[in-house]
Amino acid sequence: MARNFAKIQTAIWTDDDFLDLTLTEQWLYLHIVTHDDLTFAGSMDWRPKKVVPMAHGLTLGEITDAAEVLRAKRYFIIDDDTEEVLVRTYVRNDELLRQPNMGIPVGKAYRSMSSRVLRGVFIHELQRLHAKNPDWKSWAHLTEELQKKAIDPWEGYEVPTLKLPEASLAKGIGLGIGEPVEEPPF
């Protein structure tokens, strides 16, 4: 079952954390969330060179800089070793699991991830969603997944070799490194 559309909450345009992102960072987030390769778990292959041709004049440096900021702010979890990206809050924001049988393709998408880090962060988000919505019928298809090891992306995940873009540092945009940060909703 392929995705034919993406659900973007309109509240994204009143969210201060999202509005603090640069145009390229916002564009990259929206590009990945709406990409037809994104799985029902919110993951896909991460190949920045394939993103560059998606907008006239876009450079690889702009994409990698934007990705590093989105990684630092935990919008994305990127595993450089497996070349995969996870939109951390996708499963929560897309609300797929409200539908009784969507647990099947979500579970299949989870099992297709190679990265143990991405799988762990996905399980963390899945467990949070289950705690808020235990009555959803889709959970019957995800009982094994809900028991898996979770990784809290704010405590149990280190952003590897963070290369912060000079533009963000020059503007004084805080990335939440070393200081308490509220989790962005998107």
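Reading the values: rules and limits
- Residues numbered from 1 in each chain as written.
- Predicted model: local features only at pLDDT ≥ 70, side-chain atom pairs only at ≥ 80, totals over all residues.
- Heavy atoms only, no water.
- Helix = DSSP H or I, 4+ residues; strand = E, 2+ residues; numbered from the N terminus.
- Buried < 20%, exposed > 50% of the residue type's maximum accessible area, 1.4 Å probe, protein only.
- Contact = heavy atoms within 4.5 Å.
- Areas by Shrake-Rupley, 256 points an atom, 1.4 Å probe, with all protein chains shown as cover.
- Pairing = 2+ DSSP bridges.
- Axes fitted to C-alpha atoms, helices over the stretch in contact; angles between N-to-C directions.
- Core = buried A, V, L, I, M, F, W, Y, C linked by side-chain atoms within 4.5 Å.
- Expected span 1.5 Å × (residues − 1).
- Phe/Tyr/Trp six-rings, centres within 6.5 Å; stacked < 30°, edge-to-face > 60°.
- Salt bridge = Lys/Arg side-chain N within 4 Å of Asp/Glu carboxyl O.

Colleague: I tried to follow the overall build of the protein on my own but got confused; where do I start?
Modeller: Secondary structure summary: the protein contains eight helices and three strands in total. In the protein, the succession of helices and strands from N to C terminus is α-α-β-α-α-β-β-α-α-α-α. Counting every position in the protein, which comprises 186 residues, the buried fraction comes to 46%. In the protein, once contacts between residues fewer than 6 apart in sequence are set aside, the share between residues at least 24 apart is 72%. Of the roughly 10,100 Å² of accessible surface on the protein, a fraction of 51% belongs to carbon and sulfur atoms.

Colleague: Could you clarify how one ought to interpret the pairing of strand β3 (residues 84-87) in this entry?
Modeller: Side-chain direction in a regular strand flips from residue to residue, so the side chains alternate between the two faces of the sheet. On β3, burial covers both faces: Glu 84 and Leu 86 on one face and Val 85 and Val 87 on the other are all buried. Bridging between strand β1 (residues 43-45) and β3 involves three bridges; their strand directions are antiparallel. In the sheet register, Ser 43 faces β3, and the bridge partner there is Leu 86. Pairing of strand β2 (residues 76-79) with β3 involves four bridges; the strand directions are antiparallel. The partner of Phe 76 across the bridge, within β3, is Val 87. Adjacent in sequence and paired antiparallel, β2 and β3 are bridged by four residues, among which Glu 83 carries a positive phi angle near 55°.

Colleague: Looking at this structure, I do not really get the sheet that holds β2. What am I missing?
Modeller: Note on sheets: strands pair through backbone hydrogen bonds, and any given pair is parallel or antiparallel. Taken together, three strands build an open sheet; the order of strands is β1-β3-β2 and the sheet is antiparallel. Bordering the open sheet on either side are β1 and β2, each of which pairs with just one other strand. Going from strand to strand, the sheet's axes swing by 20° on average, the running direction of each strand aside.

Colleague: Which parts of the structure should I look at to understand the nonpolar core?
Modeller: The nonpolar side chains of soluble globular proteins are, as a tendency, buried together. Formed by 49 residues in total, the largest nonpolar core has its most connected members in Leu 28, Phe 76 and Phe 122. Elements supplying a minimum of two residues to this core: α2 (23-34), α4 (60-72), β2, β3, α5 (90-93), α6 (103-112) and α7 (116-132). Here the element with the most residues in this core is α7; it accounts for six residues.

Colleague: Whenever I open this one, unusual backbone geometry confuses me. Can you help?
Modeller: A negative phi holds for most residues other than glycine; trans holds for most peptide bonds. With a phi angle near 65°, Arg 74 is a residue other than glycine that sits in the positive phi range. Residue position: Arg 74 is located in the loop between α4 and β2. The backbone phi angle of Glu 95 is positive, close to 60°, even though this residue is not glycine. With a relative accessible area of 24%, Glu 95 lands in the partly exposed category.

Colleague: Explanation requested: α4 in the structure shown.
Modeller: Turn by turn, an α-helix covers 3.6 residues, leaving residues three or four places apart pointing in a common direction. When the terminal C-alpha atoms of α4 are compared, their 18 Å separation across 13 residues agrees well with the 18 Å that a helix rising 1.5 Å per residue should span. Of all the residues in α4, the buried ones are Ile 63, Ala 66, Ala 67, Glu 68, Val 69, Leu 70, Arg 71 and Ala 72. Trailing α4 by a residue or two, Arg 74 shows a phi angle of about 65°, which is positive.

Colleague: Just to check I follow, could you spell out the packing of aromatic side chains for this structure?
Modeller: Geometry of an aromatic ring pair is reported as the spacing of the ring centres plus the angle between the planes. What the rule picks out here adds up to six aromatic pairs. Each ring, one from Trp 13 and one from Phe 18, has its centre 5.3 Å from the other, and the planes form 80°; the classification is edge-to-face. With centroids separated by 5.8 Å and ring planes inclined at 70°, the aromatic side chains of Phe 18 and Tyr 29 adopt a geometry described as edge-to-face. Of this pair, Phe 18 sits in helix α1 (residues 16-19) while Tyr 29 is found in helix α2, placing the two residues eleven residues apart along the sequence. Here Phe 18 and Tyr 29 have matching classes, each one buried. Put simply, the rings of Trp 13, Phe 18, Tyr 29, Tyr 75 and Phe 76 pair up and form one aromatic cluster.

Colleague: What am I meant to see in the pattern of salt bridges here?
Modeller: Pairing between side chains of opposite charge can happen when their charged atoms approach one another. For the coordinates displayed, the defined rule picks out ten salt bridges. Where Lys 7 meets Glu 95, a salt bridge forms, and the shortest distance between an N and an O atom there is 2.4 Å. Pair noted here: Lys 7 is in the segment before α1 and Glu 95 is in the loop between α5 and α6, with a separation of 88 residues, a long-range link. The exposure class assigned to Lys 7 is partly exposed, which follows from its relative accessible area of 35%. One continuous salt-bridge network, built from bridges that share partners, spans Arg 88, Arg 92, Glu 125 and Arg 128.

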